[in-house]
Every structure is written in structure tokens, then in C-alpha cells.
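Per-entry structural report
The primary structure of each chain is shown beneath.
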Amino acid sequence: MDLSVDIIKRGGQRQSERFMREKLHASIVAACLSVRAPEGQAEPIAHAVCDSVIAWLQQHPEVTSSDIRIVATKHLRIHHPEAAYLYEQHRITI
Amino acid sequence: MGKQENKKMDITSSLAIISLAALIHASFQLSVSVLTLLSGHSIGAKHSKVKLLRLTTSFVFGAGVMTILLLSFISLLLINIFGGDIPQIIWAAGCGLLFGMALAVWLFYYRHASGTTIWIPRAMADYLNRRTKLTKHSAESFALGLSSVIGEILFIIAPLFITALVLIQLPPMMQLLGIGIYSVISLISLIIVWLLIGIGYNLGKIQKWRESNKHFLQFSAGSGLLILAFFVYVTEIIGNSVGYK
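Okay, so let's go over this structure. Just so we're clear, the structure is a prediction, and the values are computed from it rather than from any experiment. Each chain has its residues counted from 1, running along the sequence as written. Chains and ligands are labelled sequentially in the order written, the chains with letters from A and the ligands with numbers from 1. Totals for whole chains, interfaces and linings use all residues, but because this is a predicted model, local features are given only for residues with pLDDT of at least 70 and pairs of side-chain atoms are given and counted only at 80 or more.

Describing the interface of chain A and chain B
A common measure of how large an interface is: the accessible area buried when the components associate. By definition, residue pairs are in contact when their C-beta atoms, positioned from the backbone, come within 7 Å. Listed as interface residues are 13 residues of chain A and, on the opposing side, 24 residues of chain B. Grouping the constituent residues of the side of chain A that touches chain B by class yields 8 nonpolar, 3 polar and 2 charged. Only Asp, Glu, Lys and Arg are considered charged in this grouping, and only Ala, Val, Leu, Ile, Met, Phe, Trp, Tyr, Cys and Pro are considered nonpolar; every other residue, Gly among them, is considered polar.

Observations concerning the nonpolar core
One nonpolar core equals one set of buried Ala, Val, Leu, Ile, Met, Phe, Trp, Tyr and Cys residues connected by C-beta atoms within 7 Å. Whether a residue is buried, exposed or partly exposed is read from the other C-beta atoms within 10 Å of its own C-beta, which are placed from the backbone; 20 or more gives buried, 12 or fewer gives exposed, and intermediate counts give partly exposed. Core analysis: the largest hydrophobic core is formed by 80 residues, its most contacted members being A:Ile28, A:Cys32, B:Ala21, B:Leu98, B:Ile162, B:Leu225 and B:Leu228. Here this core gets 10 residues from one element, more than from any other, and that element is helix H8 (residues 153-167) of chain B. Non-local contacts of B:Ile162, meaning those with residues more than four positions away in its chain, are made with B:Ile17, B:Ala21, B:Gly94, B:Leu98, B:Leu228 and B:Val232. The helix count covers DSSP runs of H or I at least four residues long, the strand count covers runs of E at least two residues long, and both are numbered beginning at the N terminus.

Description of the environment of B:Ala104
Residue and element names in this part refer to chain B. You can see Ala 104 is positioned in helix H5 (residues 88-108). Ala 104 gets classed as partly exposed once you count the C-beta atoms within 10 Å, which come to 16. Remark: the alpha-carbon pair of Ala 104 and Phe 155, spanning 51 residues in sequence, is separated by 8.9 Å.

A short note on helix H10 (residues 188-198) of chain B
All names here are of chain B. When we look at burial in H10, the residues that qualify are Ser 189, Leu 190, Val 193 and Ile 197. Looking down the long axis of H10, one finds its buried residues gathered within 100° of arc, a one-sided arrangement. Contacts made by the buried residues of H10 are with helix H2 (11-27), helix H3 (30-44), helix H4 (49-82) and helix H11 (203-212). Two residues or fewer after H10 comes Gly 200, characterised by a positive phi angle close to 90°. Taken from the helix axis, the directions to the C-beta atoms give the arc we talk about.

Section: the packing of H3(B) against H4(B)
Residues and elements named next belong to chain B. The contact between H3 and H4 brings their axes to 10 Å, and the two run at 160°. Taken together, the axes of H3 and H4 are roughly antiparallel relative to one another. In this structure, the crossing between H3 and H4 has a hand that is right-handed. Each of Ser 31, Leu 35, Leu 38, Ser 39, Ser 42 and Ile 43 in H3 lies in contact with H4, whose residues at this interface are Lys 51, Leu 52, Leu 55, Thr 56, Phe 59 and Ala 63. Across the contact of H3 with H4, the residue classes tally to 7 nonpolar, 4 polar and 1 charged. Axis definition: a line fitted to C-alpha atoms, over the contacting stretch in the case of helices. Angles run 0 to 180 degrees between N-to-C directions. An angle below 35 degrees is read as roughly parallel, one above 145 as roughly antiparallel, one from 65 to 115 as roughly perpendicular, and any other as oblique. Handedness of each helix crossing follows the sense of rotation of the near helix against the far helix: counterclockwise by less than a right angle gives left-handed, clockwise gives right-handed.

Some words on unusual backbone geometry
At A:Arg36, a position not held by glycine, the phi torsion is positive, near 65°. Relative to the helices and strands, A:Arg36 is located in the loop between helix H1 (21-34) and helix H2 (39-57). Residue classification places A:Arg36 among the partly exposed residues on the basis of 15 C-beta atoms within 10 Å. The backbone phi angle of B:Lys46 is positive, close to 60°, even though this residue is not glycine. In this fold, B:Lys46 is placed in the loop between H3 and H4. A tally of 12 C-beta atoms within 10 Å means that B:Lys46 is categorised as exposed.

And the structure:
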């Protein structure tokens, strides 16, 4: 499901794009798998986090990709703190 | 001892300098950061364990090859300029470089933010980030290993320079041994992370350890550079002045 929400990319240098649930879902699953969570656990967590982020997006028609990361991290922390840590660290590792 | 022999560095202290310089090189973290990200992307993309190992092994191999190439290139450059007889001013410049770099590492190595972001040009960091995400094949991973060493050249240039100065004064066989010792020791941190990933260790724990100990690593690298500067100054400049060598 794609919401009509514009995501402004990091630094505003790249064109904004439409929110894509699949993209967020894949990144949450990847974070869970990276901390060796089983796929059977990663998928429902990603669904729950995506639902929470979409609920938040319905009140915010224009957000940055970093806002999405912050909100997704906050919700992921409830389900899997270790995956949330790695998800949060992704942009600040190098 | 003859005059010519006096000019040659004592092999033991030469290898000690090379080992310390390599250990300092190993404490710099860009390649480890890239390897951690690369593994994260690979595990997240549900690649098989064999593919993960192939990618990480190629990465470590690439970082090793670039270290050997850089060290050999700097040594060749110095041997073409000075031959085997290094002027004291060059040793003094090397010590100055180590001292300056020690202060720079203490003050600036990590950015003042959470995470493990370091003071390299942001364009380089973004490029490495993008490339890490796109890396799917061993050859790309190998190239990423090469690039990650280049990305940290600002910091590793000081230990590489001093190692090259020491190497060109050694007999040919010892030069090869010196290059081998430097390469292996400088890759130690990468090899440890590679092993941990290989046995299925949690990436989150690796990154958490790196973040919690980043100031310790920063302090160690800076202190190591300072100790190396002092050691080289004593053996090469004071030692020559008082006729010890």
C-alpha cells in the first residue's frame, strides 16, 4: 500500500518520493535478520512497525526519511530492542 | 661496527616499530565499519552463509591487498628519492607527522555524535555507504575493501610513512618480512570481526561494543602514535646524534 505522503530525502538533495510500505517492511525485516532473529519473528514485527508508522504518517503529509527512521526505530524498540539499535545505527556507522 | 652497519637500523627495533605502526593502523575503524555494514546488508538480504563468507572474505582480502600496495608504493617512492640513507630531517618530519596525527586522532577521530561516524569526508562516507548496499558479488566486495583503506588514508598515512622509512633500510628479505608483519597485524581487527561474523555472532553486539569503546579505541590510537613518535625520535634522531647507531 502506498500512501500519498511525500518523503523528503536526506539533505534534500535527492527528489522526494512517495512512501512505500514494502520498502520500510524490507528494511525492518533486514534489521531483525541482522541480529539473527528468525524470519518467522522478523515478518510479524515488520508488519506491526509498518502499521504504526502508517498510522503516524496519516497525520503528517510531508516528512523526511529521517523522521520515518526515528518513528520506525521507536516502534521497533518495543518489539526487538537489539534490532532497533542496529536499525538506528545504520546511518551512523561510517 | 662499520660506518655502513651503523647506519642500518637494528632489525629487532625495526620490526618493533613496524609492529607498533601496524597495531595503530589496526585500531582505525573505517574498514571495520564497512565490514559490519556489508554483513548487515548481506544477512538482511537473506544471502546464504556461504555467500556472506565469500563477501566478507573478499572484503578482508581487498583491504589487505590495498595495505600492501600502499606500503610498497610509499617505500618505492622513498627509496627512489633517498636510496637507503634517510636524512635526519625526514625522520624528524616523520616524527612531527606522527605527533600531529596523534593530536588530531585524540581530538577529531570520531564525530561528536552517537554511533561510530568518523572524520572522513562525508562524500566518501556516503559513497562507501551506497556501495556497501549495492555490493552483491565477491569482486565488488574486494573493490570495497580496497576503497575502505583509501578512505582512511588521512589517518593511516603516518604509520605507513614511518613503516616505509624503516623498511627501506632493511635487507631485502627483511623488507618482505616487514611488509608481511605490517599487513597481518594491521588486519587483526578486521580478521576478528570477520571471524565473529563467520561463527554467527550478533552484529548488534559487535556494533554496540564498537560504540561503547570508541573513545578507548580513539585514545589508544592517539597514544600509540605518540609512543611511536617518541620511540622513533629516540632511536633515529637522538641515537644517531650521540653515535649510538
